[in-house]
Amino acid sequence: MNTETTPEIELLAGLRAELTEYEVRSEVRENVAGLAVFTDVRGVFVWVFVSYSGRYFSWDQDGRQHPVNDMPGAARRIAEQVRPNGSGVVTS
């Protein structure tokens, strides 16, 4: 059993924790080094990855990025995307 955590997994775990502030469910999937963010559609996820440079979170097939050093901002943007009508998202 591998007990070492990669920097990417640590960043994704931190982002997962930030997403809980918006009541957005997500799971770190170590086998793909990604964060599966649940949407309102059963079985449909927004997948978040850490860029090769390690400087950005990327999602929406690399169409959206946000610096890893601003996890609250990344969580807010992802929450807005998975809940486009704003339900449960507080942006203050």
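My aim in this report is to walk through the structure given alongside it, one point at a time.

Basis of the calculations
Residues numbered from 1 in each chain as written. Predicted model: local features only at pLDDT ≥ 70, side-chain atom pairs only at ≥ 80, totals over all residues. Heavy atoms only, no water. Core = buried A, V, L, I, M, F, W, Y, C linked by side-chain atoms within 4.5 Å. Buried < 20%, exposed > 50% of the residue type's maximum accessible area, 1.4 Å probe, protein only. Helix = DSSP H or I, 4+ residues; strand = E, 2+ residues; numbered from the N terminus. Contact = heavy atoms within 4.5 Å. Expected span 1.5 Å × (residues − 1). Polar contact = N/O pair within 3.5 Å; in protein donor to acceptor, adjacent residues only side chain to side chain. Pairing = 2+ DSSP bridges. Axes fitted to C-alpha atoms, helices over the stretch in contact; angles between N-to-C directions.

**Notes on the nonpolar core**
Then, in step 1: Residues L15, L19, V37, V48, F57 and I78 are the most contacted members of the largest nonpolar core, which totals 20 residues.
Then, in step 2: The greatest single-element share of this core, amounting to six residues, is contributed by helix α2 (residues 71-82).
Then, in step 3: Setting aside its immediate chain neighbours within four residues, V37 contacts L19, V24, R25, S26, V44, F45, V46, V48, I78 and V82.

**Points about the environment of E30**
Then, in step 1: With respect to the secondary-structure elements, E30 resides in the loop between β1 (26-29) and β2 (34-38).
Then, in step 2: Once the C-alpha coordinates of E30 and T5 are considered, the two residues, 25 residues apart in sequence, prove to be 9.1 Å apart.

**Some details on α2**
Then, in step 1: Here α2 spans 16 Å end to end across 12 residues, near enough to the 16 Å set by a 1.5 Å rise per residue.
Then, in step 2: All buried positions along α2 are accounted for by M71, G73, A74, A75, I78, A79 and V82.

**Details of the side chain of H66**
Then, in step 1: Tracing the backbone through its elements, the reader meets H66 in strand β5 (residues 64-67).
Then, in step 2: Accessibility expressed as a relative area gives 10% for H66, which makes it buried.
Then, in step 3: Engagement of the side chain of H66 in a polar contact is seen with the backbone nitrogen of A74, the distance being 3.4 Å.
Then, in step 4: Of note is the side chain of H66, whose polar atom sits 3.3 Å from the side chain of R77.
Then, in step 5: Apart from residues lying up to four places away in sequence, H66 is in contact with R55, Y56, F57, W59, G73, A74 and R77.

**Considerations on the sheet that holds β2**
Then, in step 1: Taking strand neighbours across the sheet as the criterion, the five strands line up as β1-β2-β3-β4-β5 in an open arrangement whose pairing is antiparallel. Two strands lie at the open edges of the sheet, namely β1 and β5, each paired on one side alone. Strand-to-strand twist across the sheet, computed as the mean angle between neighbouring axes with direction ignored, equals 25°.
Then, in step 2: With four bridges joining them, strand β4 (residues 56-59) and β5 adopt antiparallel strand pairing. Paired with Y56 across the two strands is P67, which belongs to β5.

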